[in-house]
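Examining the three-dimensional arrangement
As a plain string of letters, each chain reads:
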Amino acid sequence: MTDERRREVGDSDAPVEDEIEESFDAVVDEGAERLQRTLRVVLATGFAGGLEIGLGVMGYLAVLHETDSHLLAGLAFSIGLVALYLAHSELFTENFLMPIVALVAREGTVAQLVRLWLGTLVSNLAGGWVVMWLVVQAFPQWHTVLEESARHYVDAPFGLQTAVLAVLGGSTITLVTRMQQGTDSDPAKLVAAVAGGFLLAGLQLFHSILDSLLVFGAIQAGASITYGQWAAWFGYVLLFNVLGGVVLVTSLRIIRSADLLRGRRRDAPDAPDRGTGEQEQHDCD
């Protein structure tokens, strides 16, 4: 290949586009940073994420109450995803791509991934419960639409349709993360957040965190829904969210970047969890 031709196709000699390589490096670096977080940071970030996604739910309920249109309400819900991006918080389902790719690249450990997932999941739900209590007290006129929205999920019989809706919910939010990592343009990242929010809430896909906030609000508003009903629904939705995000999006990313992954694995440290202690010491300082 001549120098002129190499300049035309990119700077890299590897069998992959330069843009893909840059995006891959960003995904691994961000995933490694998340895996290296202390438990305190994981819980704080996840709790904030629950609060911020609650802003999207508040917008969703306001528009749904006034228009009875799920599509318009879905656009309003995207406020929550925009807030997540701008505030650098996160949802549990956003951690299906970057941390897993970093783990495969030997930039973290399974124990760190489990800590990240469990910490973010629990703190998302806690933050969401708190913000929904505030919404329920502030807007009693939304109680009816809140209960109707919650029952759409918890009363749905488990079957192929509900499983697929949960798979699509997990893959949609993971794809939003993938799109945001694929560009350096902040406006493009915001467009991805709005598109994801529209699809997720506007089409009433099953999402373990978003829909849990609706159920929590309905229970707090006095609906005849129990936390046991929520837990039964939550269990299978969570499973299929993970399958959708990991199988439909993350696994394809790993296959596409196999050559780059092999290079990162060769250069990976022998003890990928070494940064945790350093980070904890830094936090103490």
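Look a little higher up for the structure.
Cut-off values and rules
Residues numbered from 1 in each chain as written. Predicted model: local features only at pLDDT ≥ 70, side-chain atom pairs only at ≥ 80, totals over all residues. Heavy atoms only, no water. Helix = DSSP H or I, 4+ residues; strand = E, 2+ residues; numbered from the N terminus. Polar contact = N/O pair within 3.5 Å; in protein donor to acceptor, adjacent residues only side chain to side chain. Contact = heavy atoms within 4.5 Å. Axes fitted to C-alpha atoms, helices over the stretch in contact; angles between N-to-C directions. Parallel < 35°, antiparallel > 145°, perpendicular 65-115°, else oblique. Nonpolar A, V, L, I, M, F, W, Y, C, P; charged D, E, K, R; others polar. Patch = residues over 30% accessible without salt bridge, like charges linked within 9 Å, V, L, I, M, F, W, Y side chains within 5 Å. Areas by Shrake-Rupley, 256 points an atom, 1.4 Å probe, with all protein chains shown as cover. Salt bridge = Lys/Arg side-chain N within 4 Å of Asp/Glu carboxyl O. Expected span 1.5 Å × (residues − 1). Buried < 20%, exposed > 50% of the residue type's maximum accessible area, 1.4 Å probe, protein only. Core = buried A, V, L, I, M, F, W, Y, C linked by side-chain atoms within 4.5 Å.

A few points about the side chain of Ser78
- On the secondary structure map, Ser78 appears in helix α4 (residues 70-87).
- A distance of 2.4 Å separates a polar side-chain atom of Ser78 from the backbone oxygen of Leu75.
- Each residue touching Ser78, except ones within four places of it in the same chain, is listed here: Ala193, Val194 and Gly197.

Quick look at the packing of helix α8 (residues 160-181) against helix α9 (residues 186-202)
- Relative to each other, α8 and α9 sit at 175 degrees, their axes nearing to 9 Å. Between α8 and α9, the crossing angle belongs to the class labelled roughly antiparallel. Contacts from Gly169, Thr172, Val176, Met179 and Gln180 of α8 reach α9 at Lys189, Ala192, Ala193, Gly196, Leu199 and Leu200.
- Its residues assigned to classes, the contact of α8 with α9 shows six nonpolar, four polar and one charged.

With respect to a nonpolar patch on the surface
- Residues Phe47, Leu51, Trp129, Val130, Trp133, Leu134 and Tyr227 make up a contiguous nonpolar surface patch of about 610 Å² in total accessible area.
- At the level of elements, α3 (39-67) and α6 (110-138) are the ones that each hand at least two residues to the nonpolar patch.
- Here the nonpolar patch gets four residues from one element, more than from any other, and that element is α6.
- Residue placement: Val130 occurs in helix α6.

Structural notes on helix α10 (residues 208-220)
- Taking 1.5 Å of rise per residue, the 13 residues of α10 would be expected to cover 18 Å, and the 18 Å separating its terminal C-alpha atoms lies within 8% of that figure.
- Of all 13 residues in α10, 13 are buried; the element is thus mostly enclosed.
- Taken from the residues just after α10, Gly222 is the one with a positive phi, measuring 100 degrees.

Brief notes about the nonpolar core
- Residues Leu61, Phe77, Phe206 and Trp233 are the most contacted members of the largest nonpolar core, which totals 61 residues.
- Examining the composition of this core, we find that nine residues originate from one element, α6, more than from any other.
- Residues within four places of Phe206 in sequence aside, it is in contact with His152, Tyr153, Ala156, Thr162, Leu165, Ala166, Gly169, Asp211, Trp233, Tyr236, Val237 and Asn241.
- Judged by nonpolar contacts, the second largest core, of nine residues, contains Phe24, Val27, Val101 and Leu261.

Section: unusual backbone geometry
- Residues other than glycine seldom take positive phi values, yet Arg106 does so here, at roughly 65 degrees.
- Looking at the element boundaries, Arg106 is found in the loop between α5 (98-104) and α6.
- By relative accessible area, which is 43% here, Arg106 ends up partly exposed.
- Its identity is not glycine, yet Gln204 carries a phi of approximately 55 degrees, on the positive side.
- Mapping Gln204 onto the fold places it in the loop between α9 and α10.

As for the environment of Gly170
- Relative to the helices and strands, Gly170 is located in helix α8.
- For Gly170 and Phe240, which are 70 residues apart along the polypeptide, the C-alpha to C-alpha distance reads 7.2 Å.
- Discounting residues that sit within four places of it in the chain, Gly170 has contacts with Phe96, Asn241, Gly244 and Gly245.

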